[in-house]
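Notes for the structure review
This is what each chain is made of:
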Amino acid sequence: MAQLKTKRSCKLLCQTNSPSCKLSCSHLFQPLLSIILVSSIASSAVAETETGVLTITDANWTVTMDGEWMIKFVAPWCPACAQLKEQWERFSSLAAAMGVSVGEVDVTEQPGLSGRFLVTTLPTIFHVKEGSVRRYVSVREAEEFHTYVSNRRWEEVEPLPSWKSPTSPLMSCMAGLFRLSLWIRWTHGYLTGDLGMSVWGSYLSFAMATLVTGLLMGLVLVLVADCLCPSRQKRKEERAGERMIPQNKAHTHTQRQCVISALQLVFVSSRSVCEYGGEEASVGGR
């Protein structure tokens, strides 16, 4: 009864905004809040140490290019990926002692990464060592993963060439294409599901969008060609003019040679006539 009165008096004091009651109530609830906070932190820490698998996305995938990593590409609808989950979590606990990071990519949420790593089958596992990417093709068990890394069996596997590296410009374009395909799929679902458009109507919309995009790209190419063609034509004319100059010089030189030859012929002819006239004069004098 006394406790009930105390509670009622405390409630009354709280309603009157008594500082002393507020202080006493805070002292009563503070330990409880501390216990709840510590338990939540402990539970989250345990969950992190149990799995130890980092979720790789388009925003943080560059961290895999530093250090040593084992990354798997999975999808929620893939049965083989579901079977691999337990072994992958066991391996993550073993990899922590070796200083190897373990990651996971959901291709349904990160299509850009599946295009960047050129993933065509699921599940797909990669070993990354300081930016050098190799595909894992051995047994998919935790002990085999551990042996593959600890015994450096990845050195026996040829790394991906530079043009297929996730950091190459070609794979960046491939990632953009995969993201575009996901956007088209999402747009198709939005048109047919949310807006109630027919499937053929959605296809027709994409066909019109493709046609308009092609026309715009063609217009851009025509403008670029118009800008480049005059300069090329002018260059051709300059080259043709350079080739004509030596020909004109050669023709002039030929004309000069003909004139000189004609003059020499005239000179020789006149000299012969003079000599012949001298001979006639001498004969007549005799």
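Computed from a predicted model, the values in this text were never measured in an experiment. (Residues numbered from 1 in each chain as written. Predicted model: local features only at pLDDT ≥ 70, side-chain atom pairs only at ≥ 80, totals over all residues. Heavy atoms only, no water.)

1. Brief notes about the overall build of the chain
If you tally the helices and strands in the chain, you get seven helices and five strands. Ordering the α and β elements of the chain from the N terminus gives α-α-β-β-α-β-α-β-β-α-α-α. Looking at the chain residue by residue over its 286 residues, the buried ones come to 21%. Considering only intrachain contacts with a sequence separation of at least 6, the fraction spanning at least 24 residues in the chain is 67%. (Helix = DSSP H or I, 4+ residues; strand = E, 2+ residues; numbered from the N terminus. Buried < 20%, exposed > 50% of the residue type's maximum accessible area, 1.4 Å probe, protein only. Contact = heavy atoms within 4.5 Å.)

2. Notes on helix α5 (residues 142-150)
Residues separated by three or four positions in an α-helix point in the same direction, a consequence of the helix having 3.6 residues per turn. Those residues of α5 lying buried are Ala 142, Phe 145, Tyr 148 and Val 149. Viewed along the axis of α5, the buried residues span an arc of 125°, placing them on a single side of the element. Directly beyond the C-terminal end of α5, a positive phi value near 55° is found at Arg 152. (Arc of directions from axis to C-beta.)

3. As for the UniProt feature "transmembrane region" (unreviewed entry) in the chain
Mapped onto the present numbering, the UniProt feature "transmembrane region" (unreviewed entry) falls at residues 206-229. Structurally, residues 206-229 is divided into 100% helix and 0% strand, and its ends, taken at the C-alpha atoms, are 34 Å apart. (UniProt positions renumbered as here; feature names shortened; annotations may be inferred.)

4. Quick notes on the nonpolar core
Counting 18 residues, the largest nonpolar core has Phe 73, Leu 113 and Phe 117 as the members making the most contacts within it. Elements that contribute at least two residues to this core include exactly β2 (68-74) and β4 (124-129). The biggest single contributor to this core is β2, with four residues. Discounting residues that sit within four places of it in the chain, Phe 117 has contacts with Met 65, Phe 73, Phe 126, Val 133 and Pro 166. Membership of the second largest hydrophobic core comes to 14 residues, among which are Val 100, Tyr 136, Ala 142 and Phe 145. (Core = buried A, V, L, I, M, F, W, Y, C linked by side-chain atoms within 4.5 Å.)

5. Thoughts on the pairing of strand β3 (residues 101-106)
With three bridges joining them, strand β1 (residues 53-55) and β3 adopt parallel strand pairing. The residue of β3 that forms the bridge with Thr 55 is Glu 104. Pairing between β2 and β3: six bridges, direction parallel. For Lys 72, the partnering residue across the bridge sits in β3 and is Glu 104. In the classification by handedness, the crossover that spans β2, the intervening helix α3 (residues 79-98) and the parallel β3 is right-handed. (Pairing = 2+ DSSP bridges. Right-handed = clockwise from strand over helix to strand, strands pointing away.)

6. Observations regarding the pattern of salt bridges
Taken as a whole and assessed by the stated rule, the structure comprises six salt bridges. Between Glu 143 and Arg 90 there is a salt bridge, with the nearest N and O atoms lying 2.4 Å from each other. Note that Glu 143 is positioned in helix α5 and Arg 90 in helix α3, a separation of 53 residues in sequence. Glu 155 serves as the salt-bridge partner of Arg 152, at 2.7 Å between the closest nitrogen and oxygen. For Glu 155, a relative accessible area of 46% puts it in the partly exposed group. (Salt bridge = Lys/Arg side-chain N within 4 Å of Asp/Glu carboxyl O.)

7. Side note on the environment of Ser 93
Take Ser 93: it is sitting in helix α3. A C-alpha to C-alpha distance of 9.5 Å links Ser 93 and Ala 142, two positions 49 residues apart in sequence.

8. Re the side chain of Ser 202
Along the chain, Ser 202 falls in helix α7 (residues 199-285). You can call Ser 202 buried: its relative accessible area is 0%.

9. Side note on the sheet that holds β1
Pairing in this open sheet of five strands is mixed, and the strands run β1-β3-β2-β4-β5 from one edge to the other. Strand pairing shows two members of the sheet lacking a second neighbour, β1 and β5 (132-136), which therefore form its edges. Mean inter-strand twist for the sheet, computed between neighbouring axes without regard to direction, equals 30°. α3 contacts β1, β2, β3 and β4 of the sheet and is inclined by roughly 165° relative to β2. Across the sheet, α5 touches β2, β4 and β5, and the angle it forms with β5 is around 145°. (Axes fitted to C-alpha atoms, helices over the stretch in contact; angles between N-to-C directions.)

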